[in-house]
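Descriptive structure summary
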Amino acid sequence: MTKKILLILFILLLCTSINTFAITAKDTTDNTFNPGDLIFHHILDSHIIHIWEGEYGTLYLPVILYSDDRGIEIFSSSHFYSNHKPTEEYKGYVLEHEHIYSREEGRKIIDFSFTKNVFFLFLNVIILFTILLTVAKAYNKRSIQAPKGLQALIEPIIVFIRDEVVKPNIGNKYEKYLPYMLTLFFFIWGGNILGLFPGAGNFTGNIAVTLSLALITFIMTNLSGNKSYWGHIFLAPGVPFLIKIFIVPVEIIGIFTKPISLMIRLFVAITAGHIVMLSLFSLIFIFESYTVGFGATLVLIFINCIEFLVATLQAYVFTLFSSLYIGLATQEPEHH
């Protein structure tokens, strides 16, 4: 069962190249092909989701706006689009560069719209809930039997994160933080894989999402910090006073650079992968050659497989460093 799941996932990843090629071709119907516009169109957030070519191949997401004079307004983003391009005005609102503005000067609005990234973020959560709850039920029914199916696929991952990532870095108190670390890993991993499919939202390549994840780790790390942790930051025991003048500010800055590194690493790695793939697609339309198209497709299939490994690696790295930072904040000083 596990081999079948992996095989299906691998085939879907291969088909991503072909499907993404079709979506890319759809956006280049004019004679002035601009690879920069194409790349940013696909990696940035949007109010619509392109699934396939045709009348029913586009999903228009709901727009939710709030203003003091009108209150809450909810309507479809289709009112802003003509031939999949934001050219229309609706109820005094206009969509420019995927941001909604009011035509009335000085009128302030708050945008709570359900964008593509938000849609796939919730989809990722639903998929994870379904898979993990299925695995949990399997444990209740087959507690003394060998795992099979999804249980056989997920159990080694859980054991690996527990024994090779969380426990060695946090220590004896690891059980307190294990649920968060497992949630962190599966959330990022699932989001990274979803972003590989055509038309999907690249929400783990969105700086707001990576900032939120890093901020949660930052809060947990510093709330869990013990006396020894804060003492090494503000007192630097065993260091001469004149040296402390330089060491203490560096330690304080280090408190904030750790979550910043988490945020930027995930954001850059995922976004860069998508840019590389779309850049190779652009070569097909720049050179307009079957030879270039065939060669680019072969390279893209290979890169797509590499992207799957990167998706797993980035989830592992984020979880590893989160465990390490919390472990450094909670470890007890050694007494000799």
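Residues numbered from 1 in each chain as written. Predicted model: local features only at pLDDT ≥ 70, side-chain atom pairs only at ≥ 80, totals over all residues. Heavy atoms only, no water.

Taken together, Phe234, Leu235, Ile252, Phe256, Ile260, Ile264 and Val268 make up a surface patch of nonpolar side chains, about 620 Å² in accessible area. Tallying contributions element by element places helix H8 (residues 241-287) first for the nonpolar patch, with five residues. If you trace the backbone, Phe256 turns up in helix H8. (Patch = residues over 30% accessible without salt bridge, like charges linked within 9 Å, V, L, I, M, F, W, Y side chains within 5 Å. Areas by Shrake-Rupley, 256 points an atom, 1.4 Å probe, with all protein chains shown as cover. Salt bridge = Lys/Arg side-chain N within 4 Å of Asp/Glu carboxyl O. Helix = DSSP H or I, 4+ residues; strand = E, 2+ residues; numbered from the N terminus.)

What follows concerns the environment of Val268. Residue position: Val268 is located in helix H8. Separated by 64 residues in the primary sequence, Val268 and Thr204 place their C-alpha atoms 9.7 Å from one another.

Here the focus is the nonpolar core. Core analysis: the biggest nonpolar cluster contains 40 residues, and Val166, Phe186, Ile188, Leu213 and Phe318 have the highest contact counts within it. Considering every element that reaches this core, the biggest residue donor is helix H5 (residues 174-194), with 13 residues. Not counting residues up to four positions away in its chain, the partners in contact with Val166 are Ile161, Gly171, Tyr174, Leu178, Met181 and Ser323. Counting eleven residues, the second-largest nonpolar core is a separate cluster that includes Ile39, Met277, Leu280 and Ala296. (Core = buried A, V, L, I, M, F, W, Y, C linked by side-chain atoms within 4.5 Å. Buried < 20%, exposed > 50% of the residue type's maximum accessible area, 1.4 Å probe, protein only. Contact = heavy atoms within 4.5 Å.)

Turning to the pattern of salt bridges, a few remarks are in order. Within this structure, the stated rule accounts for six salt bridges. Across the salt bridge formed by Arg70 and Glu73, the nearest N and O atoms sit 3.5 Å from each other. According to the relative accessible area criterion, Arg70 is partly exposed, its value standing at 33%. Exposure remark for Glu73: the relative accessible area of 11% places this residue in the buried category. Between Glu89 and Arg103 there is a salt bridge, and its shortest N-O distance comes to 3.3 Å. Of the two residues, Glu89 is situated in strand E7 (residues 89-90) and Arg103 in the loop between strand E9 (99-102) and strand E10 (110-111); the sequence distance between them amounts to 14 residues. Of the residues examined, Glu89 reaches a relative accessible area of 46% and is grouped as partly exposed. A cluster of three or more residues bridged by salt bridges with shared partners is formed by Asp69, Arg70, Glu73, Glu104 and Arg107.

For the rest of this paragraph, the subject is helix H7 (residues 227-234). Of all the residues in H7, the buried ones are Ser228, Tyr229, Gly231 and Ile233. In this fold, the buried residues of H7 make contact with helix H6 (207-224), H8 and helix H9 (290-330). The distance from a side-chain oxygen at the start of H7 to the backbone nitrogen of Ser228 is 3.3 Å, and the residue carrying that oxygen is Asn226. (Polar contact = N/O pair within 3.5 Å; in protein donor to acceptor, adjacent residues only side chain to side chain.)

Attention shifts here to empty space enclosed by the protein. By rolling a water-sized probe across the atoms, one finds the places where empty space is left. Applying the stated criterion across every chain, the model contains two cavities of 30 Å³ or more. Looking at the second largest cavity, its volume works out to about 80 Å³. Lining the second largest cavity are Ala214, Thr217, Phe218, Thr221, Asn222, Tyr229, Ile255, Lys258, Pro259, Leu262 and Tyr325. Residue assignment for the lining of the second largest cavity shows that the elements contributing at least two residues are H6 and H8. (1 Å grid on protein atoms, 1.4 Å probe; cavity = no way out; pocket = protein on both sides within 12 Å on 5 of 7 lines; lining within 4 Å. Points joined across faces, edges and corners; volume = space filled by probe spheres on them.)

To continue, consider the packing of H5 against H9. Close contact between H5 and H9 brings their axes to 8 Å; oriented N to C, the two are set at 155 degrees. In this view, H5 runs roughly antiparallel relative to H9, as classed from their interaxial angle. Note that H5 runs across H9; the crossing there is right-handed. Residues Tyr177, Met181, Leu184, Phe185, Ile188, Trp189, Asn192 and Ile193 of H5 lie in contact with H9, whose contacting residues are Phe308, Ala311, Thr312, Gln314, Ala315, Tyr316, Phe318, Thr319, Ser322, Ser323, Ile326 and Thr330. Residues of the contact of H5 with H9, tallied by class, amount to 13 nonpolar, seven polar and no charged. (Axes fitted to C-alpha atoms, helices over the stretch in contact; angles between N-to-C directions. Parallel < 35°, antiparallel > 145°, perpendicular 65-115°, else oblique. Left-handed = near helix turned anticlockwise from the far one by under 90°. Nonpolar A, V, L, I, M, F, W, Y, C, P; charged D, E, K, R; others polar.)

What follows covers the confidence of the model for the protein. Chain-level pLDDT for the protein is 82 on average; 86% of the residues reach the 70-or-more range. Across residues 20-30 the pLDDT falls below 50, and counting only partners more than four positions away or on other chains, this stretch makes 23 contacts in the model. (pLDDT = per-residue confidence, 0-100.)

Here we take up the pairing of strand E4 (residues 71-76). Alignment of strand E3 (residues 62-67) against E4, held across six bridges, turns out to be antiparallel. Bridging across to E4, Leu65 finds its partner in Glu73. Hairpin connection of E3 to E4: three residues between the antiparallel strands. (Pairing = 2+ DSSP bridges.)

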